[in-house]
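For reference, the chains in residue letters:
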Amino acid sequence: MDIVYTLWLRSVKRYTRSKSRMVGSLGMPVFLLLVLGFGLNSVVAIPGMEQGYIGFIIPGIISMSVLFTSVFAGIQIIWDKQFGFLKETLVAPVSRLEIMLGQTFGGATTALIQGLMIFVLSLLIGLEISSIPGFLIAIVFMMLIGISFTAFGIAIASRMEDMHGFQLIMNFVIFPIFGLSGALFPIESLPGWVRYLTLLDPLTYGVEGIRYGLLGSSHIDPAICFVILSGFTILMVGFGSYLFRKISI
Amino acid sequence: MKMSAITVKDLTKKFGDFTAVNNLSFDIEKGEVFGLLGPNGAGKSTTMAMLSTMLKPSSGQAWVNGYDILRNEDEVRKSIGIVFQDPSLDEELTAYENMDFHARLYRIPKNERQKKITELLKLVELDEKKDNLVKTYSGGMRRRLEIARGLLHEPKVLFLDEPTLGLDPQTRNHLWDYIHRLNQEKGITIILTTHYMEEADKLCHRIAIIDKGQIIALDTSEKLKNDIGGDIITIVSSEKDNLYSVVESLPGINNIEVHDSSITIGLHNAEKHVAQIVNMASESGVPIDSISIHKPTLEDVFLHFTGRTIREEEATGKEQMRMMQRSRK
Ligand SMILES: Nc1ncnc2c1ncn2[C@@H]1O[C@H](COP(=O)(O)OP(=O)(O)OP(=O)(O)O)[C@@H](O)[C@H]1O
Ligand SMILES: [Mg+2]
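Keep in mind it's a predicted model, so treat the numbers as computed, not measured.

What exactly am I supposed to notice about the sheet that holds strand β13 (residues 262-267) of chain B here?
Each strand in a sheet pairs with another by means of backbone hydrogen bonds, the pair being arranged parallel or else antiparallel. Residues and elements named next belong to chain B. Strands sit in the order β12-β13-β11-β14 across an open sheet of 4 strands; the sheet is antiparallel. If you trace the sheet from one side to the other, it starts and ends with β12 (253-258) and β14 (290-294), each paired once. On average, adjacent strands in this sheet sit at an angle of 15° to one another, irrespective of strand direction. As judged from the 5 bridges shared by strand β11 (residues 231-236) and β14, these two strands associate in the antiparallel manner. Bridge assignment links I232 to a residue of β14, and that residue is H294. With respect to the sheet, helix α9 (residues 240-247) is in contact with β11, β12 and β13, its orientation differing from that of β12 by roughly 170°. Sheet strands in contact with helix α10 (residues 271-283) are β11, β13 and β14, and its direction is about 165° off that of β14.

So this is what it looks like as structure tokens:
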């Protein structure tokens, strides 16, 4: 546990130190929130959504922020590889599982902070949360998204030599995951086959879970969301640690 | 269980068809400073990587501090401290934080951590800058920090892979002093790689000269130099083959070798024979461009065993790359 904490501490320290990254990665979500939210608020009406379209996409934008931050946090292992720091960790008498878990929780924590920042911004532009327990539920879902996708990032980073493949992963994996998640549109309104894709996307359950927590209603039962997302998280942590164990430098 | 600090037996590493380390065998005693000297690509770092459990050997065995590197990875890791050839610090953290991270990773109890870190940072004279981010450090400061970090958990064996590569002569001397003192005062066994002759000469009790993955000579620096036969006369001449046949007959020669642009003659009391050689050459009409005498160095030993000089110019190129890499951020 000490080792996991050590790795976690390092991630968080590095994160809180790079203010520019912190603010920089808020840019895109805030942009989407304002442009889509205010731009479409009067045009789009979502049935059963009291807070309008902007209320509808806030959980989506929060998920997006958590998703991107956590994948990026995982992939940062490549930097450690290139700048040599990874060797320092790997040559120590500690298990790779501990290292991987520390990195994962560290990344998930930074992602959660990033998500909470969007949440605070949303309060400023008028979001009304349904209840405090609901807010806590939303936090649990943010954590699950953070952990699973940091682990996913670590899995990818374990197989990548340098950052060249990063764009590829962003464009062909992460953006589709975000786009298909029902973060920006209600799942119900989709044609049948796209809806199936949406239901295959793990992030969907995160978005819906957060939506339930913050707004008090969602299309998918939050209990189902929790079970599926937890399962996905366990799978990703297993997958990430398996690949990380075989990382070579 | 073996009693030596390190025992290596037929250690081999292949990358595909290429054999980087070829059947290495040697023994390092406790408290010894042992040097692996060789040109770029000789297989020094690969050997270090295998001994520090970072790389699996293709065949062969090795024990570090009595523990099998294959079967007892964790114990080996606990026994060693390592300074890698390439930088391995977290530049976004301060020196103190880098040390603290290491201390926690090696499970040094909380109450000792701070004291030990401060003590070591003082030793390498970084105490005053301990709260500065490592990215603001110079190459020499980083190297000293890496050495301090490698010592934090009091390893029995310290691995230093090119510890002074890319440092200025002054810092280099400084580091040599530390390394020497560490060995003297704490009795730490040290295995270091280098392609600086002077470094090997000054620090190491015994030196293994390694080339193309194989040990070509292993002894004390003294013995290695003596074994190539007294002093060395180097003669540069455009007709070196003719020169060779002229001086061949000179009495008292221990060995004579023809190289790319010169001839080297190994013999005792060289001063006394120089005049004679010059006379013999001019009598036979063989021109001599230059002639020099020196006491043998490890460079001569290397030349003697491999027929090549250790390619320091390549090393310089690599150093520059390394320095560039370090200042990239
Ligand atoms: N992972 C690898 N895959 C393929 N070849 C490798 C690998 N690592 C090292 N080599 C090769 O093995 C040889 C020995 O490399 P090594 O790094 O051990 O040399 P070295 O003696 O440390 O040289 P230097 O003085 O440049 O550090 C080199 O020819 C190198 O190209
Ligand atoms: Mg090397």
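Please clarify how the environment of F26 of chain B should be interpreted in this entry.
Residues and elements named next belong to chain B. Tracing the backbone shows F26 in strand β2 (residues 18-28). C-alpha separation for the pair F26 and I179, spaced 153 residues apart in sequence, amounts to 22 Å. Residues contacting F26, with those up to four places away along its chain left out, are I6, T7, V8, F34, L36, I191, I215 and L218.

Got a minute to help me understand the coordination of the magnesium ion (ligand 2) in this structure?
Geometrically, a metal with four donors at the corners of a regular tetrahedron has ideal angles of 109.5 degrees, and one with six donors at the corners of a regular octahedron has ideal angles of 90 or 180 degrees. All names here are of chain B. Summarising the metal site, the magnesium ion (ligand 2) is bound by the protein donors S45 (OG) and Q85 (OE1), whose distances to it range over 1.9 to 2.0 Å. One end of the pair, S45, is in helix α1 (residues 44-51); the other, Q85, is in the loop between β6 (80-83) and α3 (95-105), and 40 residues separate them in sequence. Given a relative accessible area of 28%, S45 falls into the partly exposed group.

Could you clarify how one ought to interpret the interface of chain B and chain A in this entry?
Interface size is commonly expressed as the accessible area that is lost once the parts come together. On the chain A side, the residues contacting the 28 residues of chain B number 24 residues. Across the interface of chain B and chain A, roughly 2,500 Å² is buried in total on both sides, 60% from carbon and sulfur atoms. If you look at where chain B meets chain A, you find 7 salt bridges. D86 of chain B is the salt-bridge partner of K87 of chain A, the closest N and O atoms lying 3.9 Å from each other. Between chain B and chain A we count 10 residue pairs in polar contact (both at pLDDT 80 or more) in total. For the side of chain B that touches chain A, the secondary structure elements donating two or more residues are α2 (73-79) and α3 of chain B. Examining the composition of the side of chain B that touches chain A, we find that 6 residues originate from one element, α3 of chain B, more than from any other. Of the residues contributing to the side of chain B that touches chain A, the split by class is 10 nonpolar, 6 polar and 12 charged.

It is not clear to me how the domain arrangement of chain B should be interpreted in this structure. Could you clarify?
What the domain assignment lists for chain B is domain 1 (4-220) and domain 2 (230-295). Put simply, the middle of domain 1 of chain B and the middle of domain 2 of chain B, counted by C-alpha atoms, are 42 Å apart.

Reading guide: rules and limits
Residues numbered from 1 in each chain as written. Chains lettered and ligands numbered in written order. Predicted model: local features only at pLDDT ≥ 70, side-chain atom pairs only at ≥ 80, totals over all residues. Heavy atoms only, no water. Pairing = 2+ DSSP bridges. Helix = DSSP H or I, 4+ residues; strand = E, 2+ residues; numbered from the N terminus. Axes fitted to C-alpha atoms, helices over the stretch in contact; angles between N-to-C directions. Contact = heavy atoms within 4.5 Å. Donors = N, O, S within 2.8 Å, 3.2 Å for Na, K, Ca; no water. Buried < 20%, exposed > 50% of the residue type's maximum accessible area, 1.4 Å probe, protein only. Buried area = accessible area lost by both parts, 1.4 Å probe. Salt bridge = Lys/Arg side-chain N within 4 Å of Asp/Glu carboxyl O. Polar contact = N/O pair within 3.5 Å; in protein donor to acceptor, adjacent residues only side chain to side chain. Nonpolar A, V, L, I, M, F, W, Y, C, P; charged D, E, K, R; others polar. Domains from an automatic or database assignment.

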